[in-house]
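# Summary of the model geometry
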Amino acid sequence: MIRLEGVTRRYGDELAVDDLSLEVAEGEVCVLIGPSGCGKTTTLRMINRLIEPSGGSIMVNGRNVMSMRPEELRRGLGYVIQSIGLFPHLSVERNIGVVPHLLGWDKQRMAERARELLHLVGLDPEVYLGKYPRQLSGGEAQRVGVARALAADPPVLLMDEPFGAVDPLNRERLQAEFARIQRELHKTVLFVTHDIDEAIRLADKVAIMRDGRLQQFASPEEVLNHPANKFVHDFVGADRALKRLVRVRVEDVMRSPAIVQEGSEELAFRVAAGRRRFVYVIDAAGKLVGWMDTADLEPDMDPAEALTRVDPAQASVRSDASLRDALSRMLGLGFRAIAVTDDKCRLVGEVTFAAVEEAMTEGDEHITNIAEEDAG
Amino acid sequence: MSDHSLQTRFDRVALVGAIVTLAGATALPFVELRPNRLVPGTVHSLADAGVWMFATWGLVALALLSAVAPSAKARSAASSASAYGLVAVLAWALGEAASTLLVGQTSVARVSIGSGAWVILLGAAVIGFAGGEERKRYLLRRLGPPVLVLAAVVSAFVWGGLDDISLAQEFEVRAESFWQLLAGHLALAGAGVALGAVFGVPLGLWATRDRKVRGVVLGVTGIIQTVPSLALLGLLILPLSALGNAVPFLRDLGVRGIGAAPGLVALTMYALLPIVRNTYVGLAEVDPAVVDAGRGMGMSSRQLLMRVELPLALPLIMEGLRTASVLLIGITTLTVFAGARNLGILIFEGLGQFAPDLILLGALPVIVLAVVVDVALSALAKRLTPEGVRE
Ligand SMILES: Nc1ncnc2c1ncn2[C@@H]1O[C@H](COP(=O)(O)OP(=O)(O)OP(=O)(O)O)[C@@H](O)[C@H]1O
Ligand SMILES: [Mg+2]
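Residues numbered from 1 in each chain as written. Chains lettered and ligands numbered in written order. Predicted model: local features only at pLDDT ≥ 70, side-chain atom pairs only at ≥ 80, totals over all residues. Heavy atoms only, no water.

The next point concerns the overall build of chain A. Scanning chain A from N- to C-terminus turns up 18 helices and 17 strands. Overall, chain A is about 85 × 65 × 30 Å in size when its C-alpha atoms are taken along their principal axes. When each of the 376 residues of chain A is scored for burial, the buried share is 51%. When contacts within chain A are restricted to residue pairs at least 6 apart in sequence, long-range pairs at least 24 apart make up 60% of them. If you sum the accessible surface of chain A, you get close to 17300 Å²; carbon and sulfur atoms cover 46% of it. Computing the positive centroid from 47 side-chain charges and the negative centroid from 60, chain A places the two 6 Å apart. (Helix = DSSP H or I, 4+ residues; strand = E, 2+ residues; numbered from the N terminus. Buried < 20%, exposed > 50% of the residue type's maximum accessible area, 1.4 Å probe, protein only. Contact = heavy atoms within 4.5 Å. Areas by Shrake-Rupley, 256 points an atom, 1.4 Å probe, with all protein chains shown as cover. Lys, Arg positive; Asp, Glu negative; His and termini not counted. Charge placed at Lys NZ, Arg CZ, Asp CG, Glu CD.)

Given below as structure tokens:
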């Protein structure tokens, strides 16, 4: 648990951080966000005392950081910086082992831990343990940076734009992996970014800062639905409705579709008599094969001819994807619904455009009010 | 790309080396015979070296072949063989020429090495280093061929008459003092580098930590470098002799205006610049993100220095030590003017007496030492470079 109370940091006459109070509960991810220069990095680095606060108090796991030796404090906090900062002269294995080594772990335990962590961040230990940082791509280096921060299993993680230096595609992948790891490990995380989408995607709580001052500290839904002031309203952006979709998982709004098994397509005639126009076709293992548009069915044709075969990876979304992923896939393919599959490409449901629309408009009433207030 | 394809057709450097060797072997005097020191000598060509002349031609031909060899590997093998072979053959050719020409002469007659022989040696060096840095490294990595060449040169002394060459006779006359002077040279230059490192590395480190110190340290070492060594030596003699006179204890330790002390002080100051500067640059160039990560992970300043900063700066520090060593081996010769005893004595005595062989006896070992130290420290620097940051 991290608690900041009235924390201030002064540079000359300037206040880089001004009377900041916030609390990150155990196992929660708090994303600190705001425009460049608003004091995010300063806040983070006061927690591990790379910067000394000018005032206020900072508690980590119930202890005042000022009462601890800086080195001891830092060894208990995982730290990831934007520029990664892997040690170029050390192998991946020894990079991960830096803090364990400082803590005096034995060799065997460090080696095991390095393997375990590489697995966790999705890198094959056989391939990566012996590599050097210069042999890694940006995304791989970021993963190693995260593994290194996790090495001594610190309960608290401080991450300063950890995915800032990778391309958008890799960033989304890293975010998804971070979300998965966090579901597994339940760390207390303070995560700095200036990417609002990243914040909404990963945060349990969002802390929005401006010129050293906290503007709003609330859940992403709250920030989207009830921005505290005009700054937050503008910062979150006009596509608030779309952003809300990031917070909704496909599996929460999907419905069960009409399904027939491959080889028994004539059943589709019967389905067509019902309300559903599209019928999904699966194989014996439950894997998505394709679909049939029952509007194409003629009474005396072979129903198998109406089957459109698809590549499940392209034409479906995973059940743990966000509604925004589902929407963009639908728009990309030009459908008004999309199949939902599990990790083995088995059909588990269907998401319709109507469901997306519904999720988008939730809470809009209030937003309209604020916008009117601002205008007035 | 086009340059590369041109290089694959023929090796220009090897070609130049072959031409140089050819010129040395044909157009210039190979050796000079003087019946005694006063009489002007007569020059003689490579033809006086008997069969060794043909061996030389053969090796030049091999160098020419290497220039047009189809594969890089063949080219490398041929030019290396040619270069090493030329050095070995040259030793035997000189011995043969000397012993042939001295037949029937009095014991004061001398055969000295002519300009042609030196040019052949130069040509061999060019051929050997053809192909650039890459080849140079390849050439120096293998110990076998240089040892064979050394054996050939030594055997030319013992059996080939090379000991009849004036340079060798000069050496024989002074053998005992030669080894002492060589040892003195090594000791003084080595001590200069060691002291330079003892003071220079911490100074460089200090300069990275303190802005004011940085200005002073880098400024002062820069000024020292611009003062000619001889002048620096002169400048040091006065204060040191004053100090020695004032404090008898220090004089007993060897602090006098004359002797090894002022030389050593001057050499140390000279060694400082490359060492301080390279230490400073090496440490300053460590990626700040890496230092930040180290501190953020809980390393103490000391751990950060020992585990991160110094290992990353080591290649540049070693480079500074290498530069300082090569520099000091050269300018140590000048310390003889302050009374130090080293190879410089031979050089300056030779200059005074107008005795080229004596100059060579001093200068050749200095050159060889400089090259050997250069190569050895490069190799050591390479070994000490952490694997992850090697080129
Ligand atoms: N060492 C320093 N001396 C003076 N001012 C500083 C110093 N470090 C930071 N500041 C100022 O403090 C403010 C906050 O800086 P900080 O690095 O925390 O911003 P940030 O929110 O992390 O920005 P970014 O998104 O660009 O990383 C900035 O206005 C900066 O100029
Ligand atoms: Mg920052």
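And the narrative resumes.
This next bit is on the sheet that holds strand E11 (residues 259-261) of chain A. Across a sheet, strands are paired by hydrogen bonds formed along the backbone, either parallel or antiparallel in direction. Residue and element names in this part refer to chain A. In spatial order, the strands read E11-E12-E13-E14; together these four strands make up an open sheet with mixed pairing. Sheet topology places E11 and strand E14 (307-309) at the edges, where each strand pairs with a single neighbour. On average, each strand axis in the sheet is inclined to that of its neighbour by 35 degrees, with strand direction left out of account. Sheet topology places strand E13 (residues 288-293) next to E14; three bridges connect them, and they run antiparallel. (Pairing = 2+ DSSP bridges. Axes fitted to C-alpha atoms, helices over the stretch in contact; angles between N-to-C directions.)

Another point: the interface of chain A and chain B. One frequent convention defines the size of an interface as the accessible area lost when the parts assemble. Between chain A and chain B, the residue contacts involve 22 residues of the former and 21 residues of the latter. With both sides pooled, the region where chain A packs onto chain B buries about 1900 Å², and carbon together with sulfur makes up 63% of that total. It is A:Phe87, A:His89 and A:Leu102 in chain A that bury the most area against chain B; as a group they hold 29% of the surface buried on that side. Joining chain A to chain B, the criterion identifies one salt bridge. One salt bridge connects B:Asp292 with A:Arg45, and the closest N-O pair in it is separated by 2.8 Å. (Buried area = accessible area lost by both parts, 1.4 Å probe. Salt bridge = Lys/Arg side-chain N within 4 Å of Asp/Glu carboxyl O.)

Overall, the coordinates contain ten aromatic pairs over all chains when judged by the stated rule. On the numbers, 5.5 Å between centres and 55 degrees between planes, the contact of A:Phe178 with A:Phe191 is tilted. Taken together, the residues A:Phe178 in helix H8 (residues 168-185) and A:Phe191 in strand E8 (residues 188-193) connect sequence positions 13 residues apart. Residue A:Phe178 is classed as buried on the basis of its relative accessible area, which comes to 7%. Centroid distance B:Trp52 to B:Trp92: 5.6 Å. Interplanar angle 40 degrees. Geometry classified as tilted. Of the two residues, B:Trp52 sits in helix H3 (residues 51-68) while B:Trp92 sits in helix H4 (residues 72-101), which places them 40 residues apart along the sequence. Cluster of aromatic residues (ring-pair linked, three or more members): A:Phe163, A:Phe178 and A:Phe191. The ring of A:Tyr11 is capped by A:Arg9, whose NZ or CZ atom sits 4.5 Å from the centre of that ring. Looking at A:Lys205, its charged tip hangs above the ring of A:Phe217, at a distance of 5.0 Å from the centre. (Phe/Tyr/Trp six-rings, centres within 6.5 Å; stacked < 30°, edge-to-face > 60°. Lys NZ or Arg CZ within 6 Å of the ring centre and 35° of its normal.)

What follows concerns the site of ligand 1. All names here are of chain A. As a matter of local geometry, ligand 1 sits amid Tyr-11, Ala-16, Ser-36, Gly-37, Cys-38, Gly-39, Lys-40, Thr-41, Thr-42, Glu-161 and His-194. With respect to ligand 1, the side chain of Tyr-11 contributes an N or O atom lying 3.4 Å from a nitrogen atom. Contacts to ligand 1 include Thr-42, whose side-chain N or O atom sits 2.5 Å from an oxygen atom. In isolation ligand 1 offers 640 Å² of accessible surface; the protein chains occlude 55% of this area. Ranked by residue count, the leading element in the shell around ligand 1 is helix H1 (residues 40-47), at three residues. Its residues assigned to classes, the shell around ligand 1 shows three nonpolar, six polar and two charged. (Near = heavy atom within 4 Å. Polar contact = N/O pair within 3.5 Å; in protein donor to acceptor, adjacent residues only side chain to side chain. Nonpolar A, V, L, I, M, F, W, Y, C, P; charged D, E, K, R; others polar.)

Attention shifts here to the sheet that holds strand E2 (residues 42-44) of chain B. All names here are of chain B. Taken together, the three strands give an open sheet; going across it, the order is E2-E1-E3, and neighbouring strands pair in antiparallel fashion. Each edge of the sheet is formed by a strand with only one pairing partner; in this case those strands are E2 and strand E3 (110-113). Here the average twist between neighbouring strands, direction ignored, is 30 degrees. Summarising the sheet, strand E1 (residues 31-34) and E3 pair through four bridges and their orientation is antiparallel. Across the sheet, Arg-34 pairs through a bridge with Arg-110, a residue of E3.

Moving on, we get to the domain arrangement of chain B. All names here are of chain B. For chain B, the assigned domains read domain 1 (2-166) and domain 2 (175-390). On a C-alpha basis, the centres of domain 1 and domain 2 stand 34 Å from each other. Between domain 1 and domain 2, the contact holds six residues from the first and seven residues from the second. Buried surface at the junction of domain 1 and domain 2, summed over both partners, amounts to about 480 Å²; 59% is from carbon and sulfur atoms. Where domain 1 meets domain 2, there are zero salt bridges. (Domains from an automatic or database assignment.)

The subject of this paragraph is the pattern of salt bridges. All names here are of chain A. Counted by the stated rule, this structure contains 24 salt bridges over all chains. The partner of Arg-143 in a salt bridge is Glu-177, and the shortest N-O contact between them spans 3.1 Å. Of this pair, Arg-143 sits in helix H7 (residues 138-150) while Glu-177 sits in helix H8; the two residues are 34 residues apart in sequence, bridging distant segments of the chain. On the accessibility criterion, Arg-143 (9% relative accessible area) is buried. What makes Glu-177 buried here is its relative accessible area of 17%.

On to the pairing of strand E9 (residues 205-210) of chain A, then. Residues and elements named next belong to chain A. Where strand E3 (residues 29-33) meets E9, four bridges bridge the pair, whose relative direction is parallel. Within E9, the position partnered with Val-31 by the bridge is Val-206. Pairing of E9 with strand E10 (residues 213-218) involves five bridges; the strand directions are antiparallel. What sits directly across from Ala-207, in E10, is Phe-217. Once E9 ends, the chain turns through two residues before running back antiparallel as E10, passing Asp-211 with a positive phi of about 45 degrees.

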